[in-house]
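One letter stands for each residue in the lines below.
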Amino acid sequence: MDNIRIAEKFNHMAKMLEFKGENQFKTRAYTNAARTIKGLDEELQVIHKEGSIEDIPGIGKILESKIVEMLETGTFEAYEKTMDEIPAGIIEIMNIPGIGPKTARLFYEKLGVQTVDELSRAAREHRIRRLPRMGEKQEEKILRSIARQKEDKNHGRHPYVLAKEIATEIVDFLDLCPDIEKVAIAGSLRRKQDTVGDIDLIAISKEPEKAISYFTGMEKVEEVLESGTAKAAIIYPGNFHVDLRIVSRDSYGSMLQHFTGSKEHNIHLRKLAISKGYSLNEYGLTDESTGNLTKFSSEEDLYENLGLEYLPPELREDRGEVEAALRGKLPQLIERKDIKGDLHVHSTWSDGANTIEEIVDAAILRGYEYIAITDHSHSTGVANGLSDKRLLEHINAIDKLNEKYDGIRILSGTECDIRADGKLDYSNNLLEQLDIVIVAVHAGLDQDRKKMTKRIVSALENEHVDILAHPTGRKFGKRPAYDVDIEKVIATAKDNDKVLEINSSPWRLDLDDINAKRAKERGVMLAINTDTHAIDHLDNIEFGINMARRAWVEPDDVLNTKDLKQLCSKLGIPK
DNA sequence: GCCGTTTTCGGCCCGACTGTTTTCAGTCG
Ligand SMILES: Nc1nc2c(ncn2[C@H]2C[C@H](O)[C@@H](COP(=O)(O)OP(=O)(O)OP(=O)(O)O)O2)c(=O)[nH]1
Ligand SMILES: [Mg+2]
Ligand SMILES: [Mg+2]
Ligand SMILES: [Zn+2]
């Protein structure tokens, strides 16, 4: 059983315990353990074999024994027992916004409601309003929440790129409000997470009520979820939930820090404050002995006051960044300016929209030292892939272009398909003639875990291969990652000195932050590539950089931060 | 259920909004 599945069981268990009315700190222990497990750099299976699971913070003897039970049997007794007690539909009911464990339990006990559909019916038949602390408005709210959830195909999360676009539109609009001095993006969007649950904004205003009514009164607002004197929440077209918090200028830094999160990062900081005799909230730091509140207008001041190095938002996930910042040992995160070239680009030779010349000009414009043209191979499922003959012509064409261009090196490459049996689309004889060989899986994605893993591993064992592209194959809104033992892939990359890609396409972001961090920890080199199919895509590098930064990646960990000389020596080709 | 160089018991982050509330529980951020 892998970490993801173990974490899911703990999360599910936490929900069930909440419903049962268990101690909230016990349920939090499960949720907390699940989150920690998801972010682990190592499989629990391995930790169990080589060390002690109990050493993981937030996991004690009891949870360790449950993890071991899962590793051995696929489940744990307490989980199965609790599953038998609680109807499956209850968890779904608790996932409706506004309905928590207490309300779900009330409906279950007083109305016998066990599924979302039964809850809908109860609301329509006005049976809810007769319950204690319930009324007409609650019935309406529940029906609206259910309707909204039904519409939503994305399980409530949106790709970063879409959310960023909407957020920018709203920020620009709020900037026009005379009662708003400044607007900033916060939440997971500011932390550059691959997908975001909602859009979180903060605004400085001396007139909070006016600012909020400006926000809730925007023309495109589909629904006002809540609207108070300090914050409001709306639904924006596309099923975007948008939260706005208003703050005074002098607490801007405190609020930005708070609303950027993550929640777990905040809790960690608040515990740290407590240990120093303070209390931390979104307005400032209160000295518990005097009651004095110090407000922070900048995040930098706040972190400094807590004795921490400034933390880039991308790191604020409580995955060790607070400890590192306390010791002054934060990584020097990679930046866009460190990128010296793009190693995954398609031209009109296969399914790209631009000629090689156009691509090279665009690369020069971006200050790159090199650019690899990596058109598709001919296997089925990939558009206009290059035959053996055309690949040779391709190499010749690039040779000629290299004579024409000064100051940039064009690398002849391929994105060679890994066929279902693990064989590559080109012979070794052909691959050998290329400057750079990317391999990737494009079809036959429903193979089982064992087959898929073996398929990719055998490709990585080919001596001519340099990079594995989009290693898990996920595409937002289309398909989840295929079933592959990513640990094995990382280990194989390490053993064979291969590079794993962080694909920067905003619909892929693959490797994601967690897997990229694992690869880095194992000493596997990464490449941040755009997989460009039209020259504008070269700028998608920004999204790949986001993932890399969230993975604690430094320039040295990335192949395409190397200068041309180092790159060529790494690829084993003449400069 | 976890945790601890002052603690092995008694804490566990802290605040805004809603609805039905005459005083606050529940939910969410
Ligand atoms: N201190 C504290 N802060 C919280 C809590 N919940 C949320 N926050 C802060 C940190 C979050 O990043 C921020 C925005 O909340 P969200 O629920 O929108 O979470 P976030 O944006 O991090 O993730 P998301 O992608 O929206 O699911 O508010 C909490 O329970 N305690
Ligand atoms: Mg959010
Ligand atoms: Mg939010
Ligand atoms: Zn590609």
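Residues numbered from 1 in each chain as written. Chains lettered and ligands numbered in written order. Predicted model: local features only at pLDDT ≥ 70, side-chain atom pairs only at ≥ 80, totals over all residues. Heavy atoms only, no water.

Here we take up the overall build of chain A. If you tally the helices and strands in chain A, you get 24 helices and 17 strands. In terms of principal-axis extent, the alpha carbons of chain A reach across some 80 × 60 × 50 Å. Burial analysis of chain A (575 residues in total) assigns 54% to the buried set. Considering only residue pairs separated by 6 or more positions, chain A has 66% of its internal contacts joining residues 24 or more positions apart. In the structure as shown, chain A presents an accessible area of about 26,200 Å², 48% of it carried by carbon and sulfur atoms. Taking the average place of the 82 positive charges on the side chains of chain A and the average place of its 101 negative ones, the gap between the two points comes to 4 Å. (Helix = DSSP H or I, 4+ residues; strand = E, 2+ residues; numbered from the N terminus. Buried < 20%, exposed > 50% of the residue type's maximum accessible area, 1.4 Å probe, protein only. Contact = heavy atoms within 4.5 Å. Areas by Shrake-Rupley, 256 points an atom, 1.4 Å probe, with all protein chains shown as cover. Lys, Arg positive; Asp, Glu negative; His and termini not counted. Charge placed at Lys NZ, Arg CZ, Asp CG, Glu CD.)

The subject of this paragraph is the UniProt feature "domain: Helix-hairpin-helix DNA-binding motif class" (unreviewed entry) in chain A. In this structure's numbering, the residues bearing the UniProt feature "domain: Helix-hairpin-helix DNA-binding motif class" (unreviewed entry) are residues 51-70, 91-110 and 126-145. The annotated region residues 51-70 carries 50% helix and 0% strand content, and the separation between its end C-alpha atoms amounts to 17 Å. Measuring from the first to the last C-alpha atom of residues 126-145 gives 16 Å, for a span that is 50% helix and 0% strand. (UniProt positions renumbered as here; feature names shortened; annotations may be inferred.)

Take the pattern of salt bridges next. Enumeration according to the criterion identifies 47 salt bridges in this entry. Arg 35 is paired through a salt bridge with Asp 318; the nearest N and O atoms lie 3.4 Å apart. In this pair, Arg 35 sits in helix 2 (residues 24-38) while Asp 318 sits in the loop between helix 15 (299-305) and helix 16 (321-326), placing the two residues 283 residues apart along the sequence. In this structure Arg 35 comes out as partly exposed when scored by relative accessible area, which is 24%. (Salt bridge = Lys/Arg side-chain N within 4 Å of Asp/Glu carboxyl O.)

With that settled, consider the sheet that holds strand 10 (residues 293-294). Here three strands make up an open sheet; going across it, the order is 8-9-10 and the pairing antiparallel. Both outer strands of the open sheet, strand 8 (278-280) and strand 10, are each paired with one neighbouring strand and no more. The sheet contact formed by strand 8 and strand 9 (residues 285-287) spans three bridges and is antiparallel. Within the sheet, the bridge partner assigned to Leu 280 lies in strand 9 and is Leu 285. Here helix 14 (residues 263-275) sits on the sheet and contacts strand 8 and strand 9; the angle it forms with strand 8, its principal contact strand, is near 160°. (Pairing = 2+ DSSP bridges. Axes fitted to C-alpha atoms, helices over the stretch in contact; angles between N-to-C directions.)

Next up on the list: the site of ligand 1. Within the structure, ligand 1 sits among 16 residues, and Arg 157, Ser 188, Gly 197, Asp 198 and Asp 200 are positioned closest to it. Within the contact set of ligand 1, an oxygen atom lies 2.9 Å away from a side-chain nitrogen or oxygen of Arg 157. Within the side chain of Asn 266, an N or O atom sits 3.2 Å from a nitrogen atom of ligand 1. Contact with the protein chains covers 71% of the free accessible surface of ligand 1, which is 590 Å². Of all the elements in the fold, those that place two or more residues in the shell around ligand 1 are helix 11 (187-190), helix 13 (252-260) and helix 14. Residue classes in the shell around ligand 1 are distributed as two nonpolar, eight polar and six charged. (Near = heavy atom within 4 Å. Polar contact = N/O pair within 3.5 Å; in protein donor to acceptor, adjacent residues only side chain to side chain. Nonpolar A, V, L, I, M, F, W, Y, C, P; charged D, E, K, R; others polar.)

Once that is clear, we can look at empty space enclosed by the protein. Per the counting criterion, the structure on display carries one cavity of 30 Å³ or more. When its volume is computed, the largest cavity comes out at roughly 40 Å³. Examining the composition of the lining of the largest cavity, we find that three residues originate from one element, helix 22 (residues 513-521), more than from any other. Residues of the lining of the largest cavity, tallied by class, amount to one nonpolar, one polar and five charged. (1 Å grid on protein atoms, 1.4 Å probe; cavity = no way out; pocket = protein on both sides within 12 Å on 5 of 7 lines; lining within 4 Å. Points joined across faces, edges and corners; volume = space filled by probe spheres on them.)

Let us look at the coordination of the magnesium ion (ligand 2). Protein-derived coordination of the magnesium ion (ligand 2) comes from Asp 198 (OD) and Asp 200 (OD), at a distance range of 1.9 to 2.0 Å. A spacing of 3.5 Å is found between the magnesium ion (ligand 2) and the magnesium ion (ligand 3), which share Asp 198 as a donor. In terms of burial, Asp 198 and Asp 200 fall into one category: buried. (Donors = N, O, S within 2.8 Å, 3.2 Å for Na, K, Ca; no water.)

What follows is about the confidence of the model for chain A. Averaged over chain A, the pLDDT score is 96; the fraction of residues at 70 or greater is 100%. Scored as a complex, the prediction yields pTM 0.96 and ipTM 0.96. (pLDDT = per-residue confidence, 0-100.)

The coordination sphere of the zinc ion (ligand 4), as far as protein atoms go, consists of His 344 (NE2), His 346 (NE2), Glu 415 (OE) and Asp 531 (OD), spread over 2.0 to 2.1 Å. What the four donor atoms of the zinc ion (ligand 4) show is an angle range of 82 to 169° at the metal, which sorts the shape as irregular. Spacing between the donor residues of the zinc ion (ligand 4) along the chain follows H-x1-H-x68-E-x115-D. Of this pair, His 346 sits in the loop between strand 11 (341-342) and helix 17 (356-365) while Glu 415 sits in strand 13 (residues 409-417), and the two are 69 residues apart along the sequence. (Tetrahedral: all angles 85-135°; square planar, octahedral: opposite > 155°, others 65-115°.)

Following the UniProt record, the feature "domain: DNA-directed DNA polymerase X" (unreviewed entry) maps to residues 1-317 here. Note that residues 1-317 is 51% helix and 13% strand, and that its end C-alpha atoms are spaced 25 Å apart.

Looking now at the packing of aromatic side chains. By the definition in use, this model includes seven aromatic pairs. When the centroid spacing of 5.7 Å and the interplanar angle of 70° are considered together, the rings of Phe 10 and Phe 76 count as edge-to-face. Placement of the pair is Phe 10 in helix 1 (residues 3-20) and Phe 76 in the loop between helix 4 (61-73) and helix 5 (77-85), with a sequence separation of 66 residues. Of the two residues, Phe 10 and Phe 76, neither departs from the other in class, the shared state being buried. In this structure an aromatic cluster arises from ring pairing among Phe 10, Tyr 30, Phe 76 and Tyr 79. (Phe/Tyr/Trp six-rings, centres within 6.5 Å; stacked < 30°, edge-to-face > 60°.)

Right, let's talk about the protein's contact with DNA strand B for a bit. Neighbouring residues of DNA strand B: 50 residues in total, closest Arg 28, Gly 60, Thr 103, Arg 133 and Gly 135. Take the atoms of DNA strand B that sit within 4 Å of the protein: sugar and phosphate atoms are 75% of them. Separating a phosphate oxygen of DNA strand B from a backbone N or O atom of Gly 100 is a distance of 2.8 Å. Between Thr 103 and DNA strand B, the recorded distance is 2.5 Å, taken from a side-chain N or O atom to a phosphate oxygen. Counting residues per element, the ones that place at least two in the surface near DNA strand B are helix 2, helix 4, helix 7 (101-111), helix 9 (136-151), strand 5 (223-227), strand 7 (240-247), helix 14 and strand 8. Tallied by class, the residues present in the surface near DNA strand B amount to 19 nonpolar, 14 polar and 17 charged.

Moving on: the side chain of Asp 287. Within the secondary structure, Asp 287 sits in strand 9. In this structure, Asp 287 is buried with no salt-bridge partner, the nearest side chain bearing the opposite charge being Lys 276 at 12 Å. Not counting residues within four places of it along the chain, the set of residues in contact with Asp 287 comprises Gly 277, Tyr 278 and Asn 292.

Take helix 4 next. Between its first and last C-alpha, helix 4 extends 18 Å over 13 residues, near the 18 Å set by a 1.5 Å rise per residue. For helix 4, the full list of buried residues reads Leu 63, Glu 64, Lys 66, Ile 67, Val 68, Met 70 and Leu 71. Where helix 4 is buried, its residues touch helix 1, helix 2, helix 3 (44-50) and helix 5. (Expected span 1.5 Å × (residues − 1).)

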